[in-house]
Amino acid sequence: MQQQEDGHQPVGSHLDNTSTKTGQEVTGIGRHDPGMTTEFPEPTRVPVNGVELEVFEAGRQNAGNPIVLCHGWPEHAFSWRHQMPALAAAGYHVIVPNQRGYGDSSRPADVTDYDIAHLSGDLVALLDHYGYDDATFVGHDWGAAVVWGLTLLHPNRVNKVINLSLPYLERGDRPWIEFMEDVLGSDFYFVHFNRQPGVADAVFEENTFQFLRNLYRKNVPLTEPQPGNVWINLARMETPLGDPIMSDDELAVFVSAFESTGFTGGLNWYRNLDRNWRLLADVNPIIQQPTLMIYGDRDPVARSERLTEFVPNVEVISLDCGHWIQQEKPEETNQAILKWLDQRDAV
């Protein structure tokens, strides 16, 4: 999920359980090299809110100090692989779900099952499963949108907010997709995903490796805008631009995930944007929790000019990177998060 500066509106898997053992080689997934030694926890399936979520954990010995990491689109819990060990070492019980529609988590058929009420309800039920009254929530991209929505709908379940890339979304007086269609046109991808359901899904599925390889890049040179849906164009591009943000082995985890699941579950999050606008109509729009907002200096997502009006207790920092912040700058991201958490705990 990304956000274009011209519209001032929001724009924006699956790990083989047999091959993701803690402390063992990640093998047998997509294009993985058998010599790879990336460690990632083995998942469990947790029943929540009428579905099951595939959940990865670190730091279970730190029970009582939970932090929940929420991925974006088109991502996977694996996108937090660099943060999980650092947070566990700092004393946190790290809980990382594949949210509904992703990985081995449930993928309901009805589009409306992916609205903010369901997505936030999953996270509330996840806290209930572990016996937690509240937790610190961290979100990137669409995961950040879910964390913002969760904090509005269930403020007593969130004690601190850390969001990357996507700032607070002002509700405005018109439904978001309606606004975008008028201002940005029918080819704008948020509008396209809603008005032409199934079209992008099929293109991404036909070009899964190419799409994800072309998407997870940094140092991408500026190019002239092309007509059509920017993501469909990207999926059909034979030669990627810029530099990869991850190894071939890491990319293979994402590719394997979406080859297994397809993209419709994640795209259905987009297809609920106007429904979410209506669901948030009567909610207090001010977030009072201590909040850290992390931007990438070269991220195309627009920054919020009025963030402090809606999130008065926010601290804003920027890292020298693009959109995929925690994967592009893992050490800097970890340091920023841990420093901020230490400061909050000291208050």
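Above: the structure in question.
As the structure is a prediction and not an experimental result, all values here were calculated from the model. (Residues numbered from 1 in each chain as written. Predicted model: local features only at pLDDT ≥ 70, side-chain atom pairs only at ≥ 80, totals over all residues. Heavy atoms only, no water.)

Novice: Looking at this model, I keep getting lost on helix H14 (residues 330-346). Mind explaining?
Specialist: For the α-helix, the turn length of 3.6 residues means that residues three or four positions removed from each other point alike. Over its 17 residues, H14 extends 24 Å from the first C-alpha to the last, a length consistent with the 24 Å expected when each residue adds 1.5 Å. Among all positions of H14, only Pro330, Thr333, Asn334, Ala336, Ile337, Trp340 and Leu341 are buried. Take H14 and look down its axis: the buried residues cluster within an arc of 165 degrees, on one side only. For H14, exposure combined with an orientation more than 90 degrees from the buried face picks out Glu331, Gln335, Lys339, Asp342 and Ala346. (Helix = DSSP H or I, 4+ residues; strand = E, 2+ residues; numbered from the N terminus. Expected span 1.5 Å × (residues − 1). Buried < 20%, exposed > 50% of the residue type's maximum accessible area, 1.4 Å probe, protein only. Arc of directions from axis to C-beta.)

Novice: Would you take a moment to explain the nonpolar core for this structure?
Specialist: When a protein is soluble and globular, its nonpolar side chains tend to lie buried together. Counting residues in each nonpolar core, the largest one holds 105 residues, and the members touching the most others are Trp73, Val94, Phe137, Phe204, Phe211 and Leu212. Residues contacting Phe211, with those up to four places away along its chain left out, are Trp73, Pro74, Phe204, Trp231, Leu234, Ala235 and Phe263. (Core = buried A, V, L, I, M, F, W, Y, C linked by side-chain atoms within 4.5 Å. Contact = heavy atoms within 4.5 Å.)

Novice: Please explain the sheet that holds strand E1 (residues 44-48) as it appears in this structure.
Specialist: Sheets are built from strands that pair by backbone hydrogen bonding, the pairs being arranged parallel or antiparallel. Across the sheet, which stays open at both edges, the 8 strands sit in the order E1-E2-E4-E3-E5-E6-E9-E10 with mixed pairing between neighbours. Of all strands in the sheet, those with a lone pairing partner are E1 and strand E10 (314-319), marking the two edges. Strand-to-strand twist of the sheet, defined as the mean angle between neighbouring strand axes without regard to direction, takes the value 25 degrees. The strands that helix H2 (residues 116-130) touches are E1, strand E2 (51-58), strand E3 (66-70), strand E4 (93-98) and strand E5 (135-140); relative to E1, the one it contacts most, it runs at about 110 degrees. (Pairing = 2+ DSSP bridges. Axes fitted to C-alpha atoms, helices over the stretch in contact; angles between N-to-C directions.)

Novice: Please clarify how the packing of aromatic side chains should be interpreted in this entry.
Specialist: Each aromatic ring pair is specified by the distance between its two centres and by the angle formed by the two planes. Under the definition given, this model contains 30 aromatic pairs. Relative to Tyr270, the ring of Phe190 has its centre 4.7 Å away and its plane inclined at 75 degrees; by these criteria the two rings are edge-to-face. Here Tyr270 lies in helix H10 (residues 264-270) and Phe190 lies in helix H5 (residues 189-195), a separation of 80 residues in the sequence. A single burial state applies to Phe190 and to Tyr270, both of which are buried. The residue whose ring lies beneath Arg171 is Trp277, and the NZ or CZ to ring-centre distance is 3.8 Å. (Phe/Tyr/Trp six-rings, centres within 6.5 Å; stacked < 30°, edge-to-face > 60°. Lys NZ or Arg CZ within 6 Å of the ring centre and 35° of its normal.)

Novice: Help me understand the pairing of strand E6 (residues 158-164), please; the structure alone is not making it clear to me.
Specialist: Remember that side chains alternate between the two faces of the sheet whenever the strand is regular. Most of E6 is tucked away: 6 of the 7 residues are buried. Sheet topology note: the E5/E6 ladder contains 6 bridges and is parallel. Paired with Val138 across the strands is Ile162, a residue of E6. Following the backbone out of E5, through helix H3 (residues 142-153) and into the adjacent parallel E6, one traces a crossover that is right-handed. Strand direction decides the pairing type here: E6 and strand E9 (residues 291-296), joined by 4 bridges, are parallel. (Right-handed = clockwise from strand over helix to strand, strands pointing away.)

Novice: Please explain helix H9 (residues 248-261) as it appears in this structure.
Specialist: The end-to-end C-alpha distance of H9, which contains 14 residues, comes to 20 Å, matching closely the 20 Å that a straight helix rising 1.5 Å per residue would cover. Most of H9 sits out of view: 11 of its 14 residues are buried. Those residues of H9 that sit buried are Asp249, Glu250, Leu251, Ala252, Val253, Phe254, Val255, Ser256, Ala257, Phe258 and Thr261. On the buried face of H9, the contacting elements are helix H7 (208-215) and helix H13 (325-328). Within two residues after H9, Gly262 carries a phi angle of roughly 75 degrees, on the positive side.

Novice: I'm lost on the environment of Asp201 in this one. Help?
Specialist: Its location among the elements puts Asp201 in helix H6 (residues 199-206). Its relative accessible area of 4% is what places Asp201 among the buried residues. On a C-alpha basis, the gap between Asp201 and Thr264 in space is 5.7 Å, while along the polypeptide they are 63 residues apart. Contacts of Asp201, omitting those with residues within four sequence positions, involve Thr264, Leu267 and Arg271.

Novice: It is not clear to me how the side chain of Ser105 should be interpreted in this structure. Could you clarify?
Specialist: Secondary-structure assignment places Ser105 in the loop between E4 and H2. Contacts of Ser105, omitting those with residues within four sequence positions, involve Arg45, Glu52, Leu53, Glu54, Asn98, Gln99 and Arg100.

Novice: Sorry, what's going on with unusual backbone geometry here?
Specialist: For residues besides glycine, phi is generally negative; the peptide bonds are generally trans as well. Each neighbour pair has its own omega, and for Trp73 with Pro74 the value is -15 degrees, a cis peptide bond. Examined against the element boundaries, Pro74 turns out to sit in the loop between E3 and helix H1 (83-89). The residue Asn219 is not glycine, and still its phi comes out positive at about 55 degrees.

Novice: What's the story with the packing of H2 against H3 in this structure? I'm lost.
Specialist: Pairs of packed helices are described in terms of their axes, by the angle between the two and the distance that separates them. Look at H2 against H3: their axes get within 9 Å of each other, and the N-to-C directions meet at 80 degrees. Considered as vectors, H2 and H3 are oriented roughly perpendicular to each other. In contact with Ile116, Ala117, Leu119, Ser120, Leu123 and Val124 of H2, H3 contributes Ala145, Val146, Gly149, Leu150 and Leu153. Of the residues in the contact of H2 with H3, the class split is 9 nonpolar, 2 polar and no charged. (Parallel < 35°, antiparallel > 145°, perpendicular 65-115°, else oblique. Nonpolar A, V, L, I, M, F, W, Y, C, P; charged D, E, K, R; others polar.)

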